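# Structural characterization, general
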Amino acid sequence: MVRILTDSTSELSAARQAELGVEVAPLTVHFGEETFRDGVDITNHAFYDRLRRAEALPVTAQVNPEEFVNRFRTHVEAGDEVVGIFLSSLLSGTFQSASIARDIVDETHIFVLDSGAVTFGLGLLVEYAVMLRDQGRSAARIAEEVQAISGRVRLLAVVDTLKYLKMGGRISGASAVLGGMLGITPILNVQHGVVEAAAKVRGRKAAFQWMDRRMEQERPDLTLPVAFGHSDAPAVLAECRAHFVEKLGLTSWLESDIGSVVGTHAGPGAAGIAYFVKE
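The name that an unreviewed UniProt entry assigns to the protein is DegV family protein, with the source organism given as Intestinimonas massiliensis.

In structure tokens, the structure reads:
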């Protein structure tokens, strides 16, 4: 049997994990001396409530090699193969931890991938891997095909506030002040493993129109899944979803809540869309 393993920044709900038959290793978030496993020990709502009141950002931490050793060993000893798909190595050491564990346990039957993605963009790659597994592909073939398509994942999101990006060192203080003064809505782009400030416009309507123009340049492949996600911002998600469902003529899509690890940096109030671009 082929086991699909990912980390908690894929933002797959417990129900979706069970439906897909996917195993999720949680990263951790630390508020002072308190430690919470992402998606396990703290609800998203409780996390964002604490984050809004925090004077300093919590600290996030990767999955350690020991946890991966235990998970990998269990599957290999049961005669299974493993495909592990993890968030970008430019954003976390989780992929490196998984690579170390693979080398310890079994280099033949465990395949670990640096997705170059994060949050519900990573989730799309996991969904794709499950589709291949269910078609009867081998672990090696799944790993090869997921790695090949990973560079086609795009994620565009609007951010409600620059506060958390500034606190986390993702943008300069000057950029944060300018954005706040002008009422700017930043647009974030996640591709090829990095988070970039793609544009700054006035208001969400203009932001979605900017995203439309980006999609005209890099056309979404609508034969593959599309996902929406948000960080404790259901109203913003609804606005984003309504715009792009109509614009793209979508009849089905996936939705995710952004959890505590990614939410530490994005902050509450973000929402966006993830998709594959055409070859």
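Taken in spatial order, the four strands make up an open sheet running S2-S1-S6-S7, and their pairing is parallel. The open sheet has two edge strands, strand S2 (22–25) and strand S7 (110–114), and neither has a second partner. Averaged over all adjacent pairs, the angle separating strand axes in this sheet is 20 degrees, with direction ignored. Across five bridges, the pairing between strand S1 (residues 2–7) and strand S6 (residues 81–86) is parallel. The residue of S6 that forms the bridge with Ile 4 is Val 83. Relative to S1, helix H5 (residues 119–134) is tilted by about 175 degrees, and along the sheet it contacts S1, S2 and S6. The sheet contacts of helix H6 (residues 139–150) involve S1, S6 and S7, and relative to S7 the element is tilted by about 5 degrees.

Right, let's get into the packing of aromatic side chains. The description of an aromatic ring pair uses the distance of the two centres, along with the angle that the planes make with each other. Applying the stated rule across the entire model yields eight aromatic pairs. Pairing Phe 47 with Tyr 48 gives two aromatic rings, centres 5.0 Å apart and planes at 70 degrees, and the pair type is edge-to-face. In this pair, the class of Phe 47 matches that of Tyr 48, namely buried. Here Tyr 128 and Phe 276 contribute two aromatic rings whose centre-to-centre distance is 6.1 Å and whose plane-to-plane angle is 50 degrees, an arrangement assigned as tilted. Here Tyr 128 is found in helix H5, whereas its partner Phe 276 is found in strand S13 (residues 271–276), with 148 residues between them in sequence. Both residues of the pair, Tyr 128 and Phe 276, count as buried. For Arg 50, the ring lying beneath its charged end belongs to Phe 31, and the centroid distance is 4.6 Å.

With that settled, consider the sheet that holds strand S8 (residues 153–158). Read from one edge of the open sheet, six strands run S10-S9-S8-S13-S11-S12, paired in mixed fashion. Strands at the two margins of the open sheet, each flanked by one partner only, are strand S10 (194–202) and strand S12 (254–257). Direction aside, the axes of adjacent strands within the sheet are offset by 20 degrees on average.

Across four bridges, the pairing between strand S3 (residues 28–31) and strand S4 (residues 34–37) is antiparallel. The residue bridging Val 29 from the neighbouring strand is Phe 36, located in S4. Hairpin connection between S3 and S4: a loop of two residues separates the two successive antiparallel strands, and Gly 32 in this loop has a positive phi of roughly 60 degrees. Sheet analysis places S3 next to strand S5 (residues 59–61), joined by three bridges and oriented antiparallel. Bridge pairing in S5 links Thr 28 to Ala 61.

Another aspect to go through is the nonpolar core. Formed by 46 residues in total, the largest nonpolar core has its most connected members in Ile 4, Ile 85 and Val 146. Looking at this core, the element that brings in the most residues is H5, giving nine residues. In this structure, Val 226, Leu 237, Ala 271 and Tyr 275 belong to the second largest nonpolar core, which totals 24 residues.

Procedures and definitions
- Residues numbered from 1 in each chain as written.
- Predicted model: local features only at pLDDT ≥ 70, side-chain atom pairs only at ≥ 80, totals over all residues.
- Heavy atoms only, no water.
- Pairing = 2+ DSSP bridges.
- Helix = DSSP H or I, 4+ residues; strand = E, 2+ residues; numbered from the N terminus.
- Axes fitted to C-alpha atoms, helices over the stretch in contact; angles between N-to-C directions.
- Contact = heavy atoms within 4.5 Å.
- Phe/Tyr/Trp six-rings, centres within 6.5 Å; stacked < 30°, edge-to-face > 60°.
- Buried < 20%, exposed > 50% of the residue type's maximum accessible area, 1.4 Å probe, protein only.
- Lys NZ or Arg CZ within 6 Å of the ring centre and 35° of its normal.
- Core = buried A, V, L, I, M, F, W, Y, C linked by side-chain atoms within 4.5 Å.

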